[in-house]
There are 2 protein chains.
Amino acid sequence: MTAAASAARAALAPARIKGCCQPVAPGLPDARADNLAALHKALGDPTRIQILHILSTASEPVCVCDFTAAFDLGQPTISHHLATLRDAGFVTSFKFGIWAFYRLNPAMSEPARAAVGQIR
Amino acid sequence: MTAAASAARAALAPARIKGCCQPVAPGLPDARADNLAALHKALGDPTRIQILHILSTASEPVCVCDFTAAFDLGQPTISHHLATLRDAGFVTSFKFGIWAFYRLNPAMSEPARAAVGQIR
DNA sequence: TGTATCCATTGACAGTCGTCGATGGAACGC
DNA sequence: GCGTTCCATCGACGACTGTCAATGGATACA
């Protein structure tokens, strides 16, 4: 080991005698980590990113039939993606006659809002 | 249909004659949507959220052996999660002797940085 | 040189996810 | 009422994901 490397090691791992391991902060509460992971998992699909992009640039609620026309996917698949986004708190929906409309959830959580803000 | 509902429909779906569908903006470039989805997919696991939390609060690079001690998971699983975060651009690693250290990637993309900033 | 430690990789397995076709309920127009 | 349209749900299937045990390479130290 060179002198430089030795100095680097001292800076990186001071007081790590037998091996290098030292205790690490316990981290986030499990519930918090689970919530954040679920939030990001809902964003882990290109179709759902596109849906949120459409909703974040739309001035009005968007009809499901508009989504099915915009994507090369079956209607059940679109419905599934919309339900995923709704379950994660990103969007809300309402029915109007035979149509269902979706829009961004105005009560979205702060991390969710930050994530949607990056979809540009 | 009540008069109020009729007015609401006119506001929501003007000029939607045969059905309600109207063209929707084509959306993000596919590559952009894919990149954002991959980024969020890498955050879609509580263990990886915890890892990023530890790294974002650590003042020094953190040794893999510290992660294996902090989680109730096997060493290959920790290694897998760290590789996932590295492939997604969240962290970088270097070896020092027999130890491997990880830290937040200083060249992280802007959406990635925003997401990590929400892990608190 | 030999041994021990650390960590990445491989192979395997159960569970989850994205997608589709089929079905059924709800609302509209005739 | 009756047929039509829209959309959520169900069942199924292939692909991917998280986890582990086993393996092997690289490094340090006696």
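A brief report on the enclosed structure follows. (Residues numbered from 1 in each chain as written. Chains lettered and ligands numbered in written order. Predicted model: local features only at pLDDT ≥ 70, side-chain atom pairs only at ≥ 80, totals over all residues. Heavy atoms only, no water.)

Bringing the protein's contact with DNA strand D into the picture now. Of all residues adjacent to DNA strand D, which total 21 residues, the nearest are Gln75 and Ser79 of chain A together with Gly74, Thr77 and His81 of chain B. Within 4 Å of the protein, the contacting atoms of DNA strand D are drawn from sugar and phosphate to the extent of 70%. For DNA strand D, a phosphate oxygen lies 3.1 Å from a polar atom in the backbone of cysteine 65 of chain A. At 3.3 Å, a backbone N or O of isoleucine 98 of chain A approaches a sugar or linking oxygen of DNA strand D. Contributing elements (two or more residues each) for the surface near DNA strand D: α4 (64–70), α5 (75–87) and β3 (99–104) of chain A together with α5 (75–87) of chain B. It is α5 of chain B that provides the largest number of residues to the surface near DNA strand D, a total of four residues. Its residues placed into classes, the surface near DNA strand D shows 11 nonpolar, seven polar and three charged. (Near = heavy atom within 4 Å. Polar contact = N/O pair within 3.5 Å; in protein donor to acceptor, adjacent residues only side chain to side chain. Helix = DSSP H or I, 4+ residues; strand = E, 2+ residues; numbered from the N terminus. Nonpolar A, V, L, I, M, F, W, Y, C, P; charged D, E, K, R; others polar.)

Quick look at the packing of aromatic side chains now. Residue and element names in this part refer to chain A. The final tally for this structure, using the stated rule, is two aromatic pairs over all chains. Judged by centre distance (5.6 Å) and plane angle (15 degrees), the ring pair of phenylalanine 94 and phenylalanine 101 falls under stacked. The exposure class of phenylalanine 101 is buried, given its relative accessible area of 1%. (Phe/Tyr/Trp six-rings, centres within 6.5 Å; stacked < 30°, edge-to-face > 60°. Buried < 20%, exposed > 50% of the residue type's maximum accessible area, 1.4 Å probe, protein only.)

We now examine the sheet that holds strand β1 (residues 62–63) of chain A. Residue and element names in this part refer to chain A. Read across the open sheet, the three strands follow the order β1-β3-β2; overall the sheet is antiparallel. Each end of this open sheet is capped by a strand with a single partner; those strands are β1 and β2 (91–96). Here six bridges tie β2 to β3, and the two strands are oriented antiparallel to one another. Paired with phenylalanine 94 across the two strands is phenylalanine 101, which belongs to β3. (Pairing = 2+ DSSP bridges.)

Once that is clear, we can look at the packing of helix α3 (residues 46–57) of chain A against α5 of chain A. Residues and elements named next belong to chain A. Viewed as axis vectors pointing N to C, α3 and α5 meet at an angle of 70 degrees, and their least axial separation amounts to 10 Å. One finds that α3 runs roughly perpendicular with respect to α5. Together, Thr47, Arg48, Ile51 and Leu52 of α3 and His81, Leu82, Thr84 and Leu85 of α5 make up the contact between the two elements. Looking at side-chain class alone, the contact of α3 with α5 contains four nonpolar, three polar and one charged residues. (Axes fitted to C-alpha atoms, helices over the stretch in contact; angles between N-to-C directions. Parallel < 35°, antiparallel > 145°, perpendicular 65-115°, else oblique. Contact = heavy atoms within 4.5 Å.)

Residues and elements named next belong to chain B. Note that histidine 81 resides in helix α5. We classify histidine 81 as buried; its relative accessible area is 7%. Looking at histidine 81, its side chain comes within polar contact range of the side chain of arginine 48, at 3.0 Å. Residues in contact with histidine 81, not counting those within four places in the same chain, are Asp45, Thr47, Arg48 and Ile51.

Attention now goes to the protein's contact with DNA strand C. Neighbouring residues of DNA strand C: 21 residues in total, closest Arg48, Gly74 and His81 of chain A together with Gln75 and Ser79 of chain B. Near the protein, within 4 Å, the atoms of DNA strand C are sugar or phosphate in 68% of cases. At 2.9 Å from a phosphate oxygen of DNA strand C is found a side-chain nitrogen or oxygen belonging to arginine 48 of chain A. Separating a phosphate oxygen of DNA strand C from a side-chain N or O atom of serine 79 of chain B is a distance of 2.5 Å. Contributions of two or more residues to the surface near DNA strand C are made by α5 of chain A together with α4 (64–70), α5 and β3 (99–104) of chain B. Top element by residues in the surface near DNA strand C is α5 of chain A. It accounts for four residues.

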